Amino acid sequence: MYQQRLTKQFAYLAFALVLFSSVSSCKNEDQKKSSEPKTEAKAEPTSKMETPEGMVWVEEKTFLQGAKDSDQYAMPREKPAHWVTVDGFFIDITEVTNKQFKAFVEATNYITIAEREIDWEEMKKELPPNTPKPHDSILQPGSLIFNKDVNAVVNMENYGQWWTWKTGANWRHPDGPESTIEGKDDYPVVHVAYQDALAYCEWANRRLPTEAEWESAAQGKNTNTIFTWGNDAAKLDANANTWQGVFPTKNESQDGFEFISPVKSYPPNSIGLYDMAGNVWEITSDFFSVKYYSELDTSKPIVNPKGAATHFNPNNPYQVEHVMKGGSFLCHASYCASFRISAKMGVSVDSGSDHMGFRTVATPDMLTSKE
């Protein structure tokens, strides 16, 4: 998919080699049938703990993880669908905001990956052997931003046409060094990588959700729907910040926003969670493996899955990747229909962009151990 490889290495890609992976096709394929399990998970008792501020309790349930039979946009890596049981947990009502991330940085003096000097010796470990070192003028701190000025595309598989490596782009300066987050406390923090999200979690006594936890939360009170609001694709614009028009040259903003939007700009799902579809991608803890679902043993109950044992992406073999979920304001049905619950993409641990963020979870055990 078009934004699959959002890494610092793009600084070199833009000027030398094309190191991003090949674009995956959104073409639909036949999906294996999944039958509902014979036994349901026991009902999750109402948590007696006080719900942390800004979070909501997701009850234990058994639900269908992965692509649904009627999902015309389903990708091979989302199949086959399979029933899983996930324990109850707390999850952030919104993505982590600029205000919340700023509090973390002020308390810890943390410096995000996008703000750090680039170490070529470390970078080349994740590149093909014998990759030549680019000029020092290229190896400068920065991140990926969407090229808002693109007006024509020659080949939709060349997503370098609408991505730009911007020196000086980071969470404080989401569009480049001249931009600011002033007045945007309630926007999702962006240009944060997996490692940055882990650092925030450690400070906040939280952790990243597993992919299964994320899907359980996105389903809300449902167990077998394509979208966070149900199965009606016609309700997309009213429920999520995505792309309307012709991607990537014309965004008609029928949903009210051309690009990123403040959190809570759209209705919540059935348990009160906002932006589980669109706005910004959300990082999870699972390794990204295109083979994970196809290699699952579904002959026995799958309880609290933690994802693949290791990462595997033949299109990006040199980097460790984790699953991100939910899609972003750039997703469009003609190219990236990732506003579906089952949709997933891989992102390397040092990757950041202007359309990726995260939210956190907590379990009763975590909260009790902190006391």
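Structure shown above.
Residues numbered from 1 in each chain as written. Predicted model: local features only at pLDDT ≥ 70, side-chain atom pairs only at ≥ 80, totals over all residues. Heavy atoms only, no water.

### A closer look at the sheet that holds strand 14 (residues 361-362)
Across the sheet, 3 strands lie side by side as 1-4-14; this open sheet has antiparallel pairing. At either margin of the open sheet sits one strand with a lone partner, and together these are strand 1 (55-58) and strand 14. With 4 bridges joining them, strand 1 and strand 4 (residues 89-92) adopt antiparallel strand pairing. The partner of M55 across the bridge, within strand 4, is D92. In this fold helix 5 (residues 211-219) packs onto strand 1, strand 4 and strand 14, with an angle of close to 75 degrees to the strand it touches most, strand 4. (Pairing = 2+ DSSP bridges. Helix = DSSP H or I, 4+ residues; strand = E, 2+ residues; numbered from the N terminus. Contact = heavy atoms within 4.5 Å. Axes fitted to C-alpha atoms, helices over the stretch in contact; angles between N-to-C directions.)

### So, the pairing of strand 9 (residues 281-287)
Looking along a regular strand, one sees the side chains alternate between the two faces of the sheet. In terms of residue burial, strand 9 counts as a mostly covered element, since 5 of its 7 residues are buried. Across 2 bridges, the pairing between strand 9 and strand 13 (residues 356-357) is parallel. Residue pairing for strand 13: W281 is matched across the bridge by M356. As paired strands, strand 9 and strand 11 (residues 321-325) are joined by 3 bridges and run antiparallel to one another. Note on strand 11: the bridge partner recorded for F287 is H322. (Buried < 20%, exposed > 50% of the residue type's maximum accessible area, 1.4 Å probe, protein only.)

### Notes on unusual backbone geometry
Of the consecutive residues K79 and P80, the connecting peptide bond is found in the cis state with omega at -5 degrees. Secondary-structure assignment places P80 in the loop between strand 2 (61-65) and strand 3 (82-86). One non-glycine residue, H191, adopts positive backbone phi at about 60 degrees. Residue placement: H191 occurs in the loop between strand 6 (163-167) and helix 4 (194-204). Of note, the phi angle at K264 is positive, near 65 degrees, even though the residue is not glycine. Along the polypeptide, K264 turns up in the loop between strand 8 (250-251) and strand 9.

The values are spatial; any link to function lies outside them.
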